[in-house]
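# Observations on the three-dimensional arrangement
Next come the chains, spelled out residue by residue.
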Amino acid sequence: MLDRPQHRLRAPLQSEYTDPAVLADEQAALFDTGWVMVGREGCLRNSGDYMSARLGDRPIAVVRQRDGSLKAFANFCLHRYARLVDGVGNANRIVCPYHAWTYNLDGQLIGVPDREGFCNVATRELYLEELACDSALGFVFVSRDTDAPPLATHLGPLAELMAPYRLETWQDRHVVHEDVWHGNWKAVFENFIESYHTTYAHPASIGPTNPTHLAEQGPTGFDTFSIHS
């Protein structure tokens, strides 16, 4: 046999992009702990304003309360787990579209149609699952961890860095645009932070304006590239 040198792959193992167990671990690390930005606070100006979002695969809803505070809930009915709200809107109460179970803005179950035979519990003791919720810089943040450190601690110096832009004063325009990319999130992320490929993969578009020879390798330990011009 030929004595061939061993070469280390520059990319991670393929299993890190394709193994469902790896993705599940990543989802848990990203969305099950700490704070996640879910939308703009400008969508929730008035009492009863709501918006739906997702924490990973989990549907959530954020609702402006009558006292002006924000609350976030798991976005499904306690009865058969039907989605309660979708998109943005305003409501005095939250009514399940499936069986019309009705909740107050604070998540309390206050109404069950045709109760006899369908619900034999004290409904006013039941609430939607509440999540930690706060806002900063004009954005709404939610955490499944109700014991998470305060949002200000999570943002750290970023809040001070962004303060001059006064993002909380920007006017919001609600536009829905969704693209589905059939690929692992790491592949998308790595492609967009890496400019090593632009000359060769995009010769007719961004290649001439972002030439590969201006790309420099990123911080030690990361095989990423940045443009410096």
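The text that follows walks through the structure, step by step, so that each part is easy to find. Nothing here was measured: the structure is a model prediction, and the numbers come from that model.

Summed over the entire model, instances satisfying the criterion amount to 5 salt bridges. Of the charged contacts, one joins Glu-26 and Lys-186 as a salt bridge, the two residues approaching to 2.7 Å between their closest N and O atoms. On the criterion of sequence distance, the pair formed by Glu-26 in helix α2 (residues 20–31) and Lys-186 in helix α5 (residues 185–192) is long-range, its members being 160 residues apart. On the basis of relative accessible area, Lys-186 is assigned to the buried category, the value being 11%. A salt bridge links Glu-130 to Lys-71; its shortest N-O distance comes to 3.2 Å. Note that Glu-130 is positioned in strand β9 (residues 130–136) and Lys-71 in strand β4 (residues 70–74), a separation of 59 residues in sequence. Judged by relative accessible area, which is 39%, Glu-130 ranks as partly exposed. Classification of Lys-71 by relative accessible area gives partly exposed; the value is 22%.

This part is about the packing of aromatic side chains. Describing an aromatic ring pair means giving the distance of the ring centres and the angle of the ring planes. All told, the structure shown has 3 aromatic pairs when counted by the stated rule. The interplanar angle of 50° and the centroid separation of 6.0 Å between the aromatic rings of Trp-181 and Phe-192 together place this pair among those described as tilted. In this pair, Trp-181 is assigned in the loop between α4 (157–162) and α5 and Phe-192 in helix α5, connecting sequence segments 11 residues apart. As far as burial versus exposure is concerned, Trp-181 and Phe-192 are alike and both exposed. Measuring from ring centre to ring centre gives 6.4 Å for Trp-185 and Phe-189, while their planes differ by 50°; the resulting arrangement is tilted. Of this pair, Trp-185 and Phe-189 both sit in helix α5, 4 residues apart, which is roughly one turn of that helix. The exposure class of Trp-185 is partly exposed, given its relative accessible area of 39%. The exposure class assigned to Phe-189 is partly exposed, which follows from its relative accessible area of 45%. In this arrangement the basic side chain of Arg-40 is found over the ring face of Phe-139, its NZ or CZ atom lying 4.8 Å from the centre. Across the ring face of Tyr-17, the terminal group of Lys-186 is positioned such that the distance to the ring centre comes to 5.3 Å.

Core analysis: the biggest nonpolar cluster contains 17 residues, and Leu-84, Trp-101 and Tyr-103 have the highest contact counts within it. Once residues lying within four places of it in the same chain are set aside, the contact partners of Trp-101 are Cys-77, His-79, Ile-94, Val-95, Cys-96, Leu-109, Gly-111, Val-112, Pro-113 and Cys-119.

Attention now goes to the environment of Glu-168. Looking at where Glu-168 falls in the secondary structure, it is placed in the loop between α4 and α5. Remark: the alpha-carbon pair of Glu-168 and Glu-41, spanning 127 residues in sequence, is separated by 8.0 Å. Setting aside its immediate chain neighbours within four residues, Glu-168 contacts Leu-137 and Gly-138.

So, on to the sheet that holds strand β8 (residues 109–111). Taking strand neighbours across the sheet as the criterion, the 3 strands line up as β6-β7-β8 in an open arrangement whose pairing is antiparallel. A single partner strand is all that each edge strand has here, and the edge strands are β6 (94–95) and β8. As defined by bridge partners, β6 adjoins strand β7 (residues 102–103) across 2 bridges and the pair is classed as antiparallel. Across the sheet, Ile-94 pairs through a bridge with Tyr-103, a residue of β7.

Thresholds applied
Residues numbered from 1 in each chain as written. Predicted model: local features only at pLDDT ≥ 70, side-chain atom pairs only at ≥ 80, totals over all residues. Heavy atoms only, no water. Salt bridge = Lys/Arg side-chain N within 4 Å of Asp/Glu carboxyl O. Helix = DSSP H or I, 4+ residues; strand = E, 2+ residues; numbered from the N terminus. Buried < 20%, exposed > 50% of the residue type's maximum accessible area, 1.4 Å probe, protein only. Phe/Tyr/Trp six-rings, centres within 6.5 Å; stacked < 30°, edge-to-face > 60°. Lys NZ or Arg CZ within 6 Å of the ring centre and 35° of its normal. Core = buried A, V, L, I, M, F, W, Y, C linked by side-chain atoms within 4.5 Å. Contact = heavy atoms within 4.5 Å. Pairing = 2+ DSSP bridges.

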